[in-house]
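Take a look at the letters that make up each chain.
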Amino acid sequence: MAGPDPTRLERRQALFDAIAACNRADAEFILSGILAEMGAGPPLPALRAIEEEAEAWAAFATLPELTAYFFASGARLSARRLGARGRMRLMRRLLGEMTNEERVELLR
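Bear in mind that the values here come from a model prediction, so they are computed numbers and not experimental data.

K.L.:
Explanation requested: the overall build of the chain in the structure shown.
P.N.:
Along its length, the chain carries six helices and zero strands. Along the chain direction, N to C, the helices and strands of the chain fall in the order α-α-α-α-α-α. The burial tally for the chain puts 6% of its 108 residues in the buried class. Residue pairs at least 24 apart in sequence account for 23% of intrachain contacts in the chain once pairs closer than 6 positions are excluded.

K.L.:
Quick question: what am I supposed to make of the packing of aromatic side chains here?
P.N.:
Any pair of aromatic rings gets described here by the distance separating the centres and the angle formed by the planes. Tallied over the full model, the rule gives two aromatic pairs. Centroid distance tryptophan 57 to tyrosine 69: 5.1 Å. Interplanar angle 75°. Geometry classified as edge-to-face. A residue pair is termed long-range when its members are at least 10 positions apart, and tryptophan 57 in helix 3 (residues 50–60) and tyrosine 69 in helix 4 (residues 63–78) qualify at twelve residues. Take tyrosine 69: its relative accessible area is 35%, and that puts it in the partly exposed class. Between phenylalanine 70 and phenylalanine 71 the ring centres are 5.3 Å apart and the planes differ by 75°, which places this aromatic pair in the edge-to-face class. Accessibility expressed as a relative area gives 55% for phenylalanine 71, which makes it exposed.

K.L.:
Before we go on, may I ask you to explain the side chain of glutamate 65 in this structure?
P.N.:
Within the secondary structure, glutamate 65 sits in helix 4. Here the side chain of glutamate 65 touches threonine 62 through a polar contact of 2.8 Å, landing on its backbone nitrogen.

K.L.:
Help me out: how do you make sense of the pattern of salt bridges in this one?
P.N.:
Where charged atoms of side chains with opposite charge meet at close range, the side chains can pair. Considering all chains together, one arrives at two salt bridges under this definition. We note a salt bridge from arginine 24 to glutamate 28, for which the minimum N-O separation is 3.0 Å. You can see arginine 24 and its partner glutamate 28 sitting in helix 2 (residues 24–38), four residues apart, about one turn around the helix. Linking glutamate 105 and arginine 108 is a salt bridge whose minimum nitrogen-to-oxygen distance equals 3.8 Å.

K.L.:
Hey, could you run me through the confidence of the model for the chain in this one?
P.N.:
As a general rule, the predicted coordinates of low-pLDDT regions are not to be interpreted in detail. Per-residue pLDDT for the chain has a mean of 82; in total, 90% of the residues score no lower than 70. Summarising per-element confidence for the chain, the mean pLDDT is lowest in helix 5 (residues 83–95) (79) and highest in helix 1 (residues 6–21) (89).

K.L.:
Help me understand a nonpolar patch on the surface in this model?
P.N.:
A cluster of nonpolar side chains, contributed by Phe70, Phe71, Leu77, Leu82, Leu90, Met91 and Leu94, occupies part of the molecular surface with about 600 Å² of accessible area. Every element with two or more residues in the nonpolar patch is listed here: helix 4 and helix 5. Tracing the backbone shows leucine 82 in the loop between helix 4 and helix 5.

Thresholds applied
- Residues numbered from 1 in each chain as written.
- Predicted model: local features only at pLDDT ≥ 70, side-chain atom pairs only at ≥ 80, totals over all residues.
- Heavy atoms only, no water.
- Helix = DSSP H or I, 4+ residues; strand = E, 2+ residues; numbered from the N terminus.
- Buried < 20%, exposed > 50% of the residue type's maximum accessible area, 1.4 Å probe, protein only.
- Contact = heavy atoms within 4.5 Å.
- Phe/Tyr/Trp six-rings, centres within 6.5 Å; stacked < 30°, edge-to-face > 60°.
- Polar contact = N/O pair within 3.5 Å; in protein donor to acceptor, adjacent residues only side chain to side chain.
- Salt bridge = Lys/Arg side-chain N within 4 Å of Asp/Glu carboxyl O.
- pLDDT = per-residue confidence, 0-100.
- Patch = residues over 30% accessible without salt bridge, like charges linked within 9 Å, V, L, I, M, F, W, Y side chains within 5 Å.
- Areas by Shrake-Rupley, 256 points an atom, 1.4 Å probe, with all protein chains shown as cover.

Structure representation (structure tokens):
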């Protein structure tokens, strides 16, 4: 297995140094613009299977985008009847990466 890319580490350090040297307001303005450009933006209407579109969007979404759409979707889904199969699929996804201790704590 190869080690870290020294060029990448040097660029990362140079970026960190440049940000640290900036005025805070300037750094926030520039970084927020860059992060907005790196995000996926809102999901577009589905042209393929909806699951494929959702997966493609999620692959490019930032954590704040994923979180916002997750909670907004969850709030809407809680008002709908998902049926037993839909609830089970959702719970498998949510519980899948939790440890046994976390699951026990959640169900208390």
